[in-house]
Structures are given as C-alpha cells and as structure tokens.
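Chain and residue survey
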Number of protein chains: 2
Amino acid sequence: MSLPPERNMKVLVQGIDLSEAASRVGKALGTRTINPILEGIKLKAENNTLTLTATDLELGIEKTINADVALEGEAVIPGKLFLDLVARLKNTAIEMGIEGSKLVVKYMENKMEFALLSVDEFPALAKLENADWFTIHPNEFKDLITKTVFSAATEDSRPILKGCHLDLTDKTLTAVALDGYRMSLAKRQVEKASAGISVVVPARSLNEVAAQLEGDEPVVVSVQKNYLMVDLIHTRLVTRLLEGDFINYKQIIPTEAQTTITVSKAQFDEALSRAYLLARGDRNNLVRLSASGNLLTITSNTDFGSIKEIVPVGIEGVDITIAFNAKYFADALRVADDEHLKIAFEGASKPAIIRPDKDKGESFLFLILPVRVL
Amino acid sequence: MSLPPERNMKVLVQGIDLSEAASRVGKALGTRTINPILEGIKLKAENNTLTLTATDLELGIEKTINADVALEGEAVIPGKLFLDLVARLKNTAIEMGIEGSKLVVKYMENKMEFALLSVDEFPALAKLENADWFTIHPNEFKDLITKTVFSAATEDSRPILKGCHLDLTDKTLTAVALDGYRMSLAKRQVEKASAGISVVVPARSLNEVAAQLEGDEPVVVSVQKNYLMVDLIHTRLVTRLLEGDFINYKQIIPTEAQTTITVSKAQFDEALSRAYLLARGDRNNLVRLSASGNLLTITSNTDFGSIKEIVPVGIEGVDITIAFNAKYFADALRVADDEHLKIAFEGASKPAIIRPDKDKGESFLFLILPVRVL
C-alpha cells in the first residue's frame, strides 16, 4: 500500500528534545483501551517543528519541538514503544521518515521501523475558540491543585465527585474536591481573567496538569463548552470537563467552633503517622483525638496493640474527644506546608476544620467528618 | 493472664540501633503465612544486649544490638507493625518492657503497646555445631551470588532449580544456577576452609545474604546437615538447604567454539536493550544475532515494527546467525561488569557462552540456549 505524498514526512530532531516531548505527551496515552489508536502517538512535521500528540479522549497532551523538516507530513505510531525507544536516544540526532507503510527511525548506524496506525482515525484535540480564560502563576496553580485534588472520590458511584470544582469569581480561583468523607478547599488569586468560570475538571487530568506546571511564565487556562485547556510553553493540555452540578459545599462548612486547637504541623504529623501505623489494622483506620489541658492525646486500639501519642497544643474553648479515620488527617497533613495549623471542632459528631494558623484569605481549608463510635 | 517472671523483660535501646536491626531481620518475616507466629519478631534481652530474630522457616535472621538491660527476658510481637514503628523512632531512646500481657514501648512522652505472641511457639533458628565452614571476603561472596542467582528457576516444577549450587573444592567456591534456558556460573577463592562443601541454597535466601553483606571483615559461612549459616558482625542468617541432587551441569558447557566474538559490553548492552524494547512484543522476546565482517547485527520483528542494531565486534571463526530470548542476554549483561566480553557459539542450535574477555579463572560464565526459529 502506498500512502498519499502528503504523508511522506521526513524530519531530523535532537534526541533530548524528542525524548522529553514523548515522555510528556505519554502521560495522556490510553492503556488497555478497546481502541488501539488511543495507544498511539501522533507526529506532525510542519514549519520546522514537530508536534507530538497523545490522547485517551478524556485528557489530551500536545508538545511542539524544533525540527529540521525535509518533508512535511503526519504519522501515528505505537506510543509506548516509541517513547521507550526515544528515552534511550537522548544523546543522538534522530531522523524519522515514512517509507512505504512504516515510520523509519534512524539513529547512529541503527534503525527501528514502526508499524503505522491510521492518521485519519486519530482523534483531534478539541479546539477552543473565543473561550473564557484566565492567567495564573504556574506555582500558584500547581499548589491549588495539589492541596485539593487528593480529596476527590476514586469510586464511580457519583462521577461528579471524581472531579475538582474550579470557580473563578472576581479574580479569586477556588478549587474544591470532596468524596463524602472529607473535603479540601483552596483559593488563589489569578493574574488576569476574561470572565468568571465554574467547571468540574477530572482529578486525574488536574494531576497531570500539576505534574507539568513549571517555570515563571503565567499559564493561560481556557474554558469553553466541555473542555478546559492549559497552555504552557510549547505544551498544551486539553481535558474534558465532567458534566453535572457539583455539590453545594458551602453549607457544610461550619461557621462556629466549640474548640479550636493550635498545633505544630510537624509534631502533629509525626505523632499521627505513628498512630496511623497501628490504626491501619482497623477497618476505619480509627484514631481518637482528645484535647484537654494544652495537650492533644492521640490513641488507637486494635487486635495488634494500642498506642498513645501526646502533642503539646494551644486550646481555646471546651475539652473534646472525637474519633477520625487517620488516613484523612494524614492526607491533609502531607500537603499542608504551614508551620502551625488551627483545627476547629464543633462537637464530637461534627466535622473538624483544618486551616493554616495565620490565614486571612482561606489559602486552604480541609474538612474531615468524624467517625461515630459507640 | 500473668506471665512467668522470667518474661518480665525491661530494656533501653537507641532508636537508630533498633530500627536498623528490625529492618534487617524483617527481611525474614513471613508474610501471609498460615502460622501467625512467623509474622512475629522475637526480642531477647540478656547480658546487656538485645537480640531480634525473625524467620519464615526457610530463612532466619538474627541481629544483636547493645542495650541497657534492667530485666532479662523474651517477647514476640507483631513484626511488621514493630518495624514500621521503630523506623520512625531513629532519633530517640526507646524503652521496652513487658507489662501484663503487653509489650510496652515508650519513646519521648508516648507509648505503643503490642499484643504478645507466644514465645514458646516461636521456632528456634537451627544451631550449627561442629559444622564445616569457610571464610570469604564479603564483596567476593556478594559478587558470586549476584552473578549467578538471577538464573535460578522461579517456577515450582523442579524445586531444586530454585536454588543455587555452591561447591567448595580446594579453596575454589563455584556457584551455579540454571532454569533450563540459561545458566550462570561464577568462581571465587575463599580465604580459609575446613573442608569441601556441596550444597543447594534457595535463591531467595542468597539474595537476602547478598543484600546484607558489607564491610571488609571476612564472613564465616557454615554448613551442617540441612542448613547454611552466614555470620556477619552481630548479624546471623540461617537458611535451609534444598534437598536433592543438582543438575550435572558440567556436561552442558561446550568446550569448542565455531565462532567467537569480542564486544564492548556497554555497546552490546545499549543495542540489545533497544532491541529488547521491541522484542517484548513477542512471546519469546526473540532477537536474531548475526556476526559477519566484524559487525554484530541485532534484529527483531513484531507486529509493532522492526529494529536493526549494529555493533562493531571482533570475530574469530565462521559467520553465524542465531536467535535468542533477549531477556536472558539482558539479565546477564546487567551483572557482567567487564569492559569487554567474549561470546562463543558452537552453531545456531547450540548454546552461546558469555565470558569476560580477559579471564583465566572462569570468574564468570553465562550459558544461554538459542531459540529455534523456522
């Protein structure tokens, strides 16, 4: 079978560029899909650039690198194999060209030929035109994602909870994720914005966005219909949005506190992580927190033994004893980067709220439901 | 239930010592056994030392550390939980004592209590008395193990092949492992020896021995009846031996070669590892090697594409084309640390032999059976 001449791509690139690009777009490769085309990486050579694209239909990633283009054209090749190969060719020039029904990749004295997949069947990434947009510092966006996305649901029972709600109002971007047992909320200021935005983005897509955010240049985030797009330098991520209404979470955040403790994050983390070791033997990872006399006592009991950890704290309000799933505290402490935290309790059957000790602007807030114990 | 007074152990140790010891003996902990006692670590305090022991009945590890012993005694506690806890207590003193039916571990202002398992049910490590023995430099022993043990069988169909044969004759220690498709052989000189030895040691036990070998002091290896014991400083490993006769492997090592190539290990490894990427798509990881005109050509073809790698080599003898499972070459190249290798072929249906280029004493030898192709 001979291919039409416009597909007779021929291009020369540097291994270091190609391997980095393949590794980035590889994060959107479909795995074990029923449609093999989604396991392919698309190469497009034009205007002395080579663009690599991969998508699993939920997330798509596109990356453009410099190239000497002898013949413009396109090809789709098995993605995993291609990226594994080029990961081993960082220090050499790589020539790629279509010969017959193969993509021939030449390096040093060697070559690998890839079976071609159908360029026509490869799904195009959504184009966002006249979209709403905002710009934000990459570190701020990364931090916003990291502090919230881990609280998204992992089960399919309520699909909307597998996403993170992003709300942009008056230059304040609020991210919220919750799974029915705990909730994370974080707020950051954007730099510029065309309009307000309210969308639910799949947690997995946001994790990939966070992993690729770097540098000091503001990133452009665009939203249109069912897609959100993040533009980095030479890299573009496009994700589908989740459809449906997000939970009205504002009503579940308590506004009053009977007890508020102030604790060193490091001390609380160390003590809790030891208690969690034991609590893992319990179905609910159950630990009890008791605040009294400027001490927080963390206890857990299982068939394997028991543990009692004591942490000095400041206490305002009444003494309290309350039980939690230790995992939810451990998850929150992992991403909290403040030296001291405030934890507010409204009673033993009401959620706990964790905030930075000195926080005017709700930079983050974790809400954790207690476990009822007999 | 009150325990007899001789079990009222009370001891003070440093966290750094205890965590290192628990981590070492933890490698012999049973996992998912039907007998929970094998998931325990035994503590024995006497003579100002604390000895930790774990065993899964195949491998046992015992490690002794310094301790302030207030009361001598013994306890067995859930091993995984104990070692996870002490791994987080490296920078503190730790007091351990039996109180009632618990082992109470106190650190800083905190404590964890462990349920006690039965000291009487904990299996004693085999005692080797009047055993045959040899001494060897730890690096030499480690190298001998590393170069051979990966070739042992992983399937249960022939249990003896899950071990590594150790033969000591005239101060030459020979290790051999084979799985029916490839074989590794390595030889090292021991320092002193009481007698000749010929045993088959489980590969998994030898891997743990290799992982714990360190320092410059000769290690003492003892063999008696069904056990082999390795004595390191303050650490002792005892493993059961495999019963039965090992394969008579000497007859399968070809003595003549029609073709011998000399190749840079690094160049061969790089080329082969790229070919292996593609060959993984084939059930047999099939690659073809062709030696001709001072070039070694490595090729592989699968549904995903094809690869052709060329490596400069020296050739003595006739040209040859022969097919192999790339994995076996990749495994051997991973542990071969010589700059150049010699590969000898006796014909396309006979095994290949890999040796260091400059080797008088058979420091190692890998034998790989070819794959018959149509």
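Residues numbered from 1 in each chain as written. Chains lettered and ligands numbered in written order. Predicted model: local features only at pLDDT ≥ 70, side-chain atom pairs only at ≥ 80, totals over all residues. Heavy atoms only, no water.

Quick notes on unusual backbone geometry
Even without being a glycine, Met108 of chain A presents a positive backbone phi close to 50°. As for its placement among the helices and strands, Met108 of chain A is situated in the loop between strand 8 (102–107) and strand 9 (110–115). Although it is not a glycine, Asn294 of chain B sits at a positive phi angle of roughly 60°. Its place among the elements puts Asn294 of chain B in the loop between strand 20 (286–292) and strand 21 (295–302). (Helix = DSSP H or I, 4+ residues; strand = E, 2+ residues; numbered from the N terminus.)

Some points on the sheet that holds strand 6 (residues 73–78) of chain B
Residue and element names in this part refer to chain B. Strand order in the open sheet formed by nine strands is 6-2-3-4-18-17-16-10-14, and the pairing between neighbours is antiparallel. Either end of the sheet is taken by a strand with one partner, and the two such strands are strand 6 and strand 14 (192–193). With six bridges joining them, strand 17 (residues 227–232) and strand 18 (residues 235–240) adopt antiparallel strand pairing. The partner of Leu232 across the bridge, within strand 18, is Thr235. (Pairing = 2+ DSSP bridges.)

Some points on the pattern of salt bridges
The tally for this structure, following the rule as stated, stands at 48 salt bridges over all chains. Here Asp179 of chain A makes a salt bridge to Arg182 of chain A, at a shortest N to O gap of 2.9 Å. The same class applies to Asp179 of chain A and to Arg182 of chain A, which are both buried. For Glu99 of chain B, the salt bridge goes to Lys106 of chain B, with nearest N and O atoms at 3.7 Å. (Salt bridge = Lys/Arg side-chain N within 4 Å of Asp/Glu carboxyl O. Buried < 20%, exposed > 50% of the residue type's maximum accessible area, 1.4 Å probe, protein only.)

A closer look at the interface of chain A and chain B
Contacts between the two partners involve 28 residues from chain A, matched on the other side by 28 residues from chain B. Summing both partners gives a buried area of about 2400 Å² for chain A against chain B, and 55% of it is carried by carbon and sulfur. The three residues of chain A that bury the most area against chain B are Arg88, Arg274 and Leu277 of chain A, which together make up 22% of that side's buried surface. Our count for the contact surface shared by chain A and chain B stands at two salt bridges. When the shortest N-O distance is used, the salt bridge between Asp84 of chain A and Arg280 of chain B registers 2.9 Å. Inspection of the chain A/chain B interface yields 16 residue pairs in polar contact (both at pLDDT 80 or more). Those elements that provide at least two residues to the side of chain A that touches chain B are helix 2 (79–86), strand 9, helix 5 (265–279) and strand 22 (305–317) of chain A. Here the residues of the side of chain A that touches chain B sort into 14 nonpolar, four polar and 10 charged. (Contact = heavy atoms within 4.5 Å. Buried area = accessible area lost by both parts, 1.4 Å probe. Polar contact = N/O pair within 3.5 Å; in protein donor to acceptor, adjacent residues only side chain to side chain. Nonpolar A, V, L, I, M, F, W, Y, C, P; charged D, E, K, R; others polar.)

Examining the side chain of Ser273 of chain A
All names here are of chain A. Within the secondary structure layout, Ser273 lies in helix 5. Ser273 gets classed as buried once you look at its relative accessible area, which sits at 16%. Side-chain polar atoms of Ser273 contact the backbone oxygen of Glu270, separated by 3.0 Å.

Overview of the packing of aromatic side chains
Residues and elements named next belong to chain A. For the coordinates displayed, the defined rule picks out 16 aromatic pairs over all chains. The interplanar angle of 55° and the centroid separation of 5.8 Å between the aromatic rings of Phe150 and Phe366 together place this pair among those described as tilted. Here Phe150, found in the loop between helix 3 (138–146) and strand 11 (163–169), pairs with Phe366, found in strand 26 (residues 364–368); they are 216 residues apart in sequence, far enough to count as distant. Here Phe150 falls in the partly exposed class, since its relative accessible area comes to 22%. According to the relative accessible area criterion, Phe366 is buried, its value standing at 1%. Within the aromatic cluster, the residues linked to one another by ring pairs are Phe268, Phe324, Phe329 and Phe345. (Phe/Tyr/Trp six-rings, centres within 6.5 Å; stacked < 30°, edge-to-face > 60°.)

Topic: the pairing of strand 2 (residues 40–46) of chain B
Residue and element names in this part refer to chain B. Burial analysis of strand 2 places five of its seven residues in the buried class, the great majority of the element. Note that strand 2 and strand 6 share six bridges and pair antiparallel. When the sheet's bridge partners are listed, Gly40 is paired in strand 6 with Pro78. Sheet analysis places strand 2 next to strand 3 (residues 49–55), joined by five bridges and oriented antiparallel. Within the sheet, the bridge partner assigned to Glu46 lies in strand 3 and is Thr49. Here strand 2 folds back onto strand 3 in antiparallel fashion, the turn holding two residues, of which Asn47 has a positive phi close to 50°.

Quick look at the pairing of strand 21 (residues 295–302) of chain A
Residues and elements named next belong to chain A. Examined bridge by bridge, strand 20 (residues 286–292) and strand 21 share five bridges and lie antiparallel to one another. What sits directly across from Leu289, in strand 21, is Ile298. Hairpin geometry of strand 20 and strand 21 is characterised by an intervening segment of two residues between the two adjacent antiparallel strands and by a positive phi of about 55° at Gly293. In this structure, the hairpin formed by strand 21 and strand 22 is closed by a connection of two residues.

Here we look at helix 3 (residues 138–146) of chain B
Buried residues of helix 3 of chain B: Pro138, Phe141, Leu144 and Ile145 of chain B, and no others. What you see down the axis of helix 3 of chain B is that its buried residues fit within an arc of 130°, all on one side. (Arc of directions from axis to C-beta.)

Remarks on the packing of helix 1 (residues 15–25) of chain A against helix 2 of chain A
Residues and elements named next belong to chain A. Close contact between helix 1 and helix 2 brings their axes to 9 Å; oriented N to C, the two are set at 145°. As helix 1 runs across helix 2, the sense of the crossing is left-handed. Of the residues in helix 2, those in contact with Leu18, Ser19 and Ala22 of helix 1 are Phe82, Leu83 and Val86. Within the contact of helix 1 with helix 2, the residues separate by chemical class into five nonpolar, one polar and no charged. (Axes fitted to C-alpha atoms, helices over the stretch in contact; angles between N-to-C directions. Left-handed = near helix turned anticlockwise from the far one by under 90°.)

Points about the relation of the copies chain A and chain B
If you rotate chain A by 180° and push it 0.0 Å along the axis, it lands on chain B with an RMSD of 0.0 Å. The operation mapping one copy onto its partner corresponds to a two-fold rotation axis. No C-alpha of chain A lies nearer the rotation axis than that of Arg32 of chain A, which sits 15 Å from it. Mapped onto chain B, 100% of the interface residues of chain A again fall at the interface, so both copies present the same surface. (Least-squares fit on C-alpha atoms with pLDDT ≥ 70 in both.)

Quick word on the nonpolar core
Membership of the largest hydrophobic core comes to 209 residues, with the highest contact counts inside it found for Phe82 and Met96 of chain A together with Phe82 and Met96 of chain B. Apart from residues no more than four positions distant in its own chain, Met96 of chain A is found in contact with Met9, Lys10, Val11, Val13, Leu18, Leu43, Leu50, Phe82, Leu103, Val104 and Val105 of chain A. (Core = buried A, V, L, I, M, F, W, Y, C linked by side-chain atoms within 4.5 Å.)

Observations regarding the sheet that holds strand 6 (residues 73–78) of chain A
Residue and element names in this part refer to chain A. Ordered in space as 6-2-3-4-18-17-16-10-14, the nine strands form an open sheet in which the pairing is antiparallel. Both edges of this open sheet fall to strand 6 and strand 14 (192–193), since each of them pairs with a single strand only. The strands touched by helix 2 within the sheet are strand 2 (40–46), strand 3 (49–55) and strand 6, with strand 6 carrying the most contacts at an inclination of about 95°. Contacts between helix 4 (residues 203–212) and the sheet are confined to strand 4 (59–66), strand 17 (227–232) and strand 18 (235–240), with strand 18 contributing the most and set at about 165° to the helix.

Examining the environment of Glu46 of chain B
Residue and element names in this part refer to chain B. Secondary-structure assignment places Glu46 in strand 2. With a relative accessible area of 32%, Glu46 lands in the partly exposed category. Taking C-alpha positions, Glu46 is 8.7 Å from Ala67, a pair spaced 21 residues apart along the chain. Excluding its chain neighbours within four sequence positions, the residues that come into contact with Glu46 are Val69 and Glu72.

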